[in-house]
Protein chains: 2
Amino acid sequence: MAVPEIHFCRRCGHAVEQRIPPLEDRSRAVCPHCGYVDYVNPLNVVGTVPVWTGEDGQPRILLCRRAIEPRRGYWTLPAGFMEVGETAAEGAARETREEAGARIELEGLFAVLDAVRVRQVHLFYRARLLDLDLAPGPETIENALVGLDEIPWDRLAFHSVRRVLQDWIDDHRRGRFDVHTGSVERTR
Amino acid sequence: MAVPEIHFCRRCGHAVEQRIPPLEDRSRAVCPHCGYVDYVNPLNVVGTVPVWTGEDGQPRILLCRRAIEPRRGYWTLPAGFMEVGETAAEGAARETREEAGARIELEGLFAVLDAVRVRQVHLFYRARLLDLDLAPGPETIENALVGLDEIPWDRLAFHSVRRVLQDWIDDHRRGRFDVHTGSVERTR
């Protein structure tokens, strides 16, 4: 969402010049009229690594090609902003349904990645695709099931998606899945 | 922070009747004048389980008695709202410093707990206390280092703190620490 540089106090309607303080400065935008402090907090992005294992025993990962900015036309894992009224895992399953029409069984938390510059925390869950009845949603141009040697590494939308895919493949090859943490400098 | 039932559009200053939609309804508050959609998203609470291991080899956990509402006078682990410009782990260390004056070494993610009703996700990290120079901050009445058989279970501030302490003690006894996930119905 776009955030204006000048906004109006949500409590009293008075104009406030600065809503988002510089990243280096922890001070908040305070309404000069009523003193209301407009906190800005990081948002959670929740998504999944949906996997289909065919009769050959080889896993294939569900990717979505983005129909919207940022990074329109690039490939991503299904993910989006967590909403109120749902758990992080429920949000991840909802996004998977919305962006790929996919029915999944969640298998556990896989990654918690800080994206400080864009003020987000990305939470990804491992998931098993229950069938192959996919239906791209309005935010998706097309879906694809890709083998581990078919990942479009140079056409991925975000750094966190690249990290999650790399970690998933590494964990799959050694036969044990951990929960991964860390920071991604940029999301694209 | 208190959130008013009637607020003013942050983009155009027009009055908007409802800011927080009912939990069951995912619709957002939309400004009737300019169409600005005021998203409401869950917030992250970040904290630590700070542990001191004395010469007897027995771990003791740092707790804080709350000087502020909600749950003033009850015991909690150091934790608070994650801010922009920091990773979740950095926020957890900051809260530990602010609420107990404690210097710690972070040891890894320990719990990711959904608190859906209060629209929060609680992230806790394992931590090692570097020294015993504690100094309660303005939100803390007093600090205490408690043995595993001294936890004030009936005087804990929040359900997530109870869950994290129980999981930490269980993991300590079996000699392996996992990343724990789940939901807490209420935080108090």
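Given the structure is predicted, the values throughout are model-derived calculations rather than measurements.

Caption draft 1: Examining the overall build of chain A more closely. Scanning chain A from N- to C-terminus turns up two helices and 12 strands. Tracing chain A from N to C terminus, the helices and strands come up as β-β-β-β-β-β-β-β-α-β-β-β-α-β. Counting over 188 residues, chain A shows a buried share of 51%. Of the contacts formed within chain A by residues at least 6 apart in sequence, a portion of 61% connects residues at least 24 apart. Here chain A displays about 8,900 Å² of accessible surface, and carbon together with sulfur accounts for 46% of that area.

Caption draft 2: Inspection of the interface of chain B and chain A at higher detail. Each partner contributes residues to the interface: chain B has 42 residues there, and chain A has 42 residues. Taken together, the connections running from chain B to chain A amount to zero salt bridges. Inspection of the chain B/chain A interface yields five residue pairs in polar contact (both at pLDDT 80 or more). Among the secondary structure elements, those contributing two or more residues to the side of chain B that touches chain A are strand E1 (7-8), strand E5 (43-53), helix H1 (88-100), strand E9 (104-115), strand E10 (120-129) and strand E12 (180-183) of chain B. The element contributing the most residues to the side of chain B that touches chain A is E9(B), with three residues. Tallied by class, the residues present in the side of chain B that touches chain A amount to 23 nonpolar, eight polar and 11 charged.

Caption draft 3: A look at the domain arrangement of chain A. According to the domain assignment, chain A contains domain 1 (1-40) and domain 2 (43-183). Its C-alpha centre places domain 1 of chain A at a distance of 34 Å from the equivalent point of domain 2 of chain A.

Caption draft 4: Focus on the nonpolar core. All names here are of chain A. Residues Ile61, Leu77, Val164, Leu165 and Trp168 are the most contacted members of the largest nonpolar core, which totals 26 residues. Broken down by secondary-structure element, the contributors of at least two residues to this core are strand E5 (43-53), strand E6 (59-66), strand E9 (104-115), strand E11 (140-147) and helix H2 (159-174). It is H2 that provides the largest number of residues to this core, a total of five residues. Beyond its immediate chain neighbours, meaning those up to four positions away, Leu165 contacts Ile61, Leu63, Leu77, Ile151, Trp153 and Leu156.

Caption draft 5: Representation of the packing of aromatic side chains. Counted by the stated rule, this structure contains four aromatic pairs over all chains. Centroid distance Phe110(A) to Phe177(A): 6.2 Å. Interplanar angle 65 degrees. Geometry classified as edge-to-face. Taken as a pair, Phe110(A) in strand E9 and Phe177(A) in the loop between H2 and strand E12 (180-183) lie far apart in primary sequence, 67 residues in all. For Phe110(A), a relative accessible area of 0% corresponds to the buried category. Taking the relative accessible area as the measure of exposure, Phe177(A) reaches 28% and is therefore partly exposed. Residues Trp168(B) and Phe177(B) carry aromatic rings whose centres are separated by 5.2 Å and whose planes lie at 45 degrees to one another, so their mutual orientation is tilted. Taken together, the aromatic side chains of Phe110(A), Trp168(A) and Phe177(A) make up a single cluster linked through ring pairs. Positioned over the ring face of Tyr74(A) is Arg155(A), at 4.5 Å from the centre of the ring. Its end group placed over the ring of Tyr74(B), Arg71(B) keeps NZ or CZ at 3.9 Å from the ring centre.

Caption draft 6: The arrangement of the relation of the copies chain B and chain A in detail. The operation relating chain B to chain A is a screw motion whose rotation component is 180 degrees, with 0.0 Å of axial translation and a residual RMSD of 0.1 Å. Here the copies are linked by what is in effect a two-fold axis. Distance from the rotation axis, computed per C-alpha, reaches its smallest value in chain B at Gly13(B): 2.6 Å.

Reading the values: the criteria
Residues numbered from 1 in each chain as written. Chains lettered and ligands numbered in written order. Predicted model: local features only at pLDDT ≥ 70, side-chain atom pairs only at ≥ 80, totals over all residues. Heavy atoms only, no water. Helix = DSSP H or I, 4+ residues; strand = E, 2+ residues; numbered from the N terminus. Buried < 20%, exposed > 50% of the residue type's maximum accessible area, 1.4 Å probe, protein only. Contact = heavy atoms within 4.5 Å. Areas by Shrake-Rupley, 256 points an atom, 1.4 Å probe, with all protein chains shown as cover. Salt bridge = Lys/Arg side-chain N within 4 Å of Asp/Glu carboxyl O. Polar contact = N/O pair within 3.5 Å; in protein donor to acceptor, adjacent residues only side chain to side chain. Nonpolar A, V, L, I, M, F, W, Y, C, P; charged D, E, K, R; others polar. Domains from an automatic or database assignment. Core = buried A, V, L, I, M, F, W, Y, C linked by side-chain atoms within 4.5 Å. Phe/Tyr/Trp six-rings, centres within 6.5 Å; stacked < 30°, edge-to-face > 60°. Lys NZ or Arg CZ within 6 Å of the ring centre and 35° of its normal. Least-squares fit on C-alpha atoms with pLDDT ≥ 70 in both.

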